[in-house]
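# Structural overview
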Amino acid sequence: MNPAELAKPFVHTYPSYVPGRPIEDVARDLGLDPAGIIKMASNENPFGPSPLAVEAAKRAIEQGQFYPDGGCYALKERLAAFHGIAPGQFVIGNGSNEVIELIGHVFLEPKDEVVMGQPEFVVYRLVSLLFGALPVEVPLVNFKNDLSALARAVTARTKVVVVSTPNNPTGAANSAEELVAFIRALPERLIVIVDEAYRDFVDTPPDILPLIKEGRNVIGLRTFSKVYGLASLRVGYGYASAEMAALLDRVRQPFNVNAVAQAAATAALDDQAFRTRCIEGNRAGMRRLEKGFSELGLAWVPSQANFILVKVGDGAKAFDALQRRGVIVRPVGNYGLPEWLRVTVGTADQNERLLSELAAVVR
Ligand SMILES: *Cc1c(COP(=O)(O)O)cnc(C)c1O
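Residues numbered from 1 in each chain as written. Predicted model: local features only at pLDDT ≥ 70, side-chain atom pairs only at ≥ 80, totals over all residues. Heavy atoms only, no water.

## Concerning the overall build of the chain
Across its full length, the chain holds 15 helices and 12 strands. The C-alpha atoms of the chain give 21 Å as radius of gyration, which agrees with the globular expectation for 363 residues (21 Å, within 12%). Seen along its three principal axes, the alpha-carbon backbone of the chain occupies a region of about 55 × 55 × 50 Å. Accessible surface for the chain amounts to roughly 16,200 Å². Of this, 55% is attributable to carbon and sulfur atoms. (Helix = DSSP H or I, 4+ residues; strand = E, 2+ residues; numbered from the N terminus. Rg over C-alpha atoms; globule rule 2.2 N^0.38 Å. Areas by Shrake-Rupley, 256 points an atom, 1.4 Å probe, with all protein chains shown as cover.)

Structure (structure tokens):
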């Protein structure tokens with residue numbers, strides 16, 4: 001019998017995640033030298049991981065015969081010191097994406113509504129659909145979450161509200177005060193996810209800890225994939241009340257975060273000097289890209305993250321042309337922004353290369 005006939009109905013229309021393409025993949029496809037290709041597509045850290053994290057990862061692989069610590073003891077201790085809360089308030093995931101799925105496992109039932117912006121990081125939509133829940137998508141205004149419209153979209157069926165701040169793919173963020181006031185005014189029965197994947201790049205980010213301390217069901221999500229440069233190892237976390245963290249922890253796989261990732265993430269937290277340099281490098285790169293886009297006569301969206309939207313006309317065409325010239329960026333037509341490209345801020349050299357190739361493409 002055809003397995004497709006046995007699959008649950010939602011699988012047939014399930015829209016799988018489309019990632020930014022790896023360099024090797026593009027090189028094979030277009031017959032290019034991988035050494036000449038740069039990837040500015042997935043908001044990765046162009047400066048790589050901290051050398052301390054690399055050292056810790058190497059030491060960890062030497063002990064590769066052992067299962068990892070499923071409870072992530074050392075990493076939680078380190079995170080507790082970093083955040084000033086208890087180790088029991090963390091749930092560690094195979095990327096923060098896994099934590100999103102854990103939230104679905106614990107809270108989402110068929111027909112529950114999940115209120116989010118449009119566009120919002122697509123994994124929120126995908127995880128909602130995975131559990132038969134209904135994404136309720138509220139258009140952004142000026143590339144930012146329309147907080148009062150999000151609040152109005154809440155119904156008796158709403159279980160979860162999601163805000164990524166800054167938003168992906170726009171990079172724009174609501175002010176810290178606005179966001180905290182918005183959450184405080186929501187009904188207390190709601191689960192509120194605040195995705196802080198790009199928080200490190202924001203000058204005055206919101207602080208959701210007071211809300212957690214007040215007993216609100218707010219879950220903050222952070223990742224080691226962006227400023228810490230460890231996207232390949234897949235490690236991220238949620239922080240919340242101890243009760244919330246324990247629920248999420250209950251439904252994870254026994255060894256969901258591998259030992260190399262745990263060791264690297266723990267060491268990365270110790271190298272705050274490296275993190276600071278990455279943030280400064282990002283700030284300088286952002287100013288360069290803004291200036292370069294303006295000189296090309298291209299509109300761009302002010303971003304508080306490590307990526308920026310630039311308006312190129314036909315996004316799919318410009319993406320394709322750039323890729324043939326060895327620069328991989330992200331088309332965002334799937335996010336309802338067909339005229340735009342999302343470009344990750346690179347090293348100084350990568351930014352110059354992107355700007356010169358883009359000049360040739362839009363001319
Ligand atoms: C990149 C990103 C993440 C990180 O996902 P990981 O699974 O930790 O790599 C989470 N949320 C948003 C909005 C992102 O852009």
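There's more to say after this.
## A closer look at helix H14 (residues 315-324)
Where H14 is concerned, the buried positions are Gly315, Ala318, Phe319, Leu322 and Gln323. On an axial view of H14, the arc spanned by its buried residues comes to 135°, and they lie on one face. In this structure, H14 carries Ala316, Lys317 and Arg324 as exposed residues pointing more than 90 degrees from its buried face. Buried residues along H14 sit in contact with helix H3 (23-30), strand E10 (327-328), strand E11 (330-331), strand E12 (340-344) and helix H15 (348-362). Sitting at the amino-terminal end of H14 is Asp314, which places a side-chain oxygen 3.2 Å from the backbone nitrogen of Ala316. Positive backbone phi, at 85°, marks Gly326, one or two positions downstream of H14. (Buried < 20%, exposed > 50% of the residue type's maximum accessible area, 1.4 Å probe, protein only. Arc of directions from axis to C-beta. Contact = heavy atoms within 4.5 Å. Polar contact = N/O pair within 3.5 Å; in protein donor to acceptor, adjacent residues only side chain to side chain.)

## Some details on the domain arrangement of the chain
By a frequent convention, interface size equals the accessible area lost on bringing the separate parts together. For the chain, the assigned domains read domain 1 (3-48 + 273-362) and domain 2 (51-268). The partner domain 2 presents 32 residues to the 29 residues of domain 1 that form the contact. Summed over both sides, the interface of domain 1 with domain 2 buries roughly 2,500 Å², with 64% coming from carbon and sulfur. It is Arg275, Gln304 and Tyr335 in domain 1 that bury the most area against domain 2; as a group they hold 28% of the surface buried on that side. Inspection of the domain 1/domain 2 interface yields 2 salt bridges. Its salt-bridge partner being Asp200, residue Arg275 comes within 2.8 Å of it at the nearest N-O pair. Across the domain 1-domain 2 interface, the total number found is 9 residue pairs in polar contact (both at pLDDT 80 or more). Among the elements of the structure, helix H13 (272-295), strand E9 (307-311) and E12 are those that each provide at least two residues to the side of domain 1 that touches domain 2. Per element, the largest residue contribution to the side of domain 1 that touches domain 2 is 6 residues, and it comes from H13. (Domains from an automatic or database assignment. Buried area = accessible area lost by both parts, 1.4 Å probe. Salt bridge = Lys/Arg side-chain N within 4 Å of Asp/Glu carboxyl O.)

## Structural notes on the environment of Phe307
Relative to the helices and strands, Phe307 is located in strand E9. Aside from chain neighbours lying at most four places away, what touches Phe307 is Asn43, Asn167, Asn168, Pro169, Thr170, Gly171, Tyr198, Met286, Arg342, Val343, Thr344 and Val345.

## Let's talk about the site of the ligand
Within the structure, the ligand sits among 13 residues, and Asn97, Tyr198, Thr223, Ser225 and Lys226 are positioned closest to it. Take Asp195: an N or O atom from its side chain is 2.6 Å from a nitrogen atom of the ligand. Side-chain polar atom of Ser225 to an oxygen atom of the ligand: 2.6 Å apart, as the coordinates give it. Relative to its free-state accessible area of 390 Å², the ligand is covered by the protein chains to the extent of 94%. Partitioning the shell around the ligand into residue classes produces 3 nonpolar, 7 polar and 3 charged. (Near = heavy atom within 4 Å. Nonpolar A, V, L, I, M, F, W, Y, C, P; charged D, E, K, R; others polar.)

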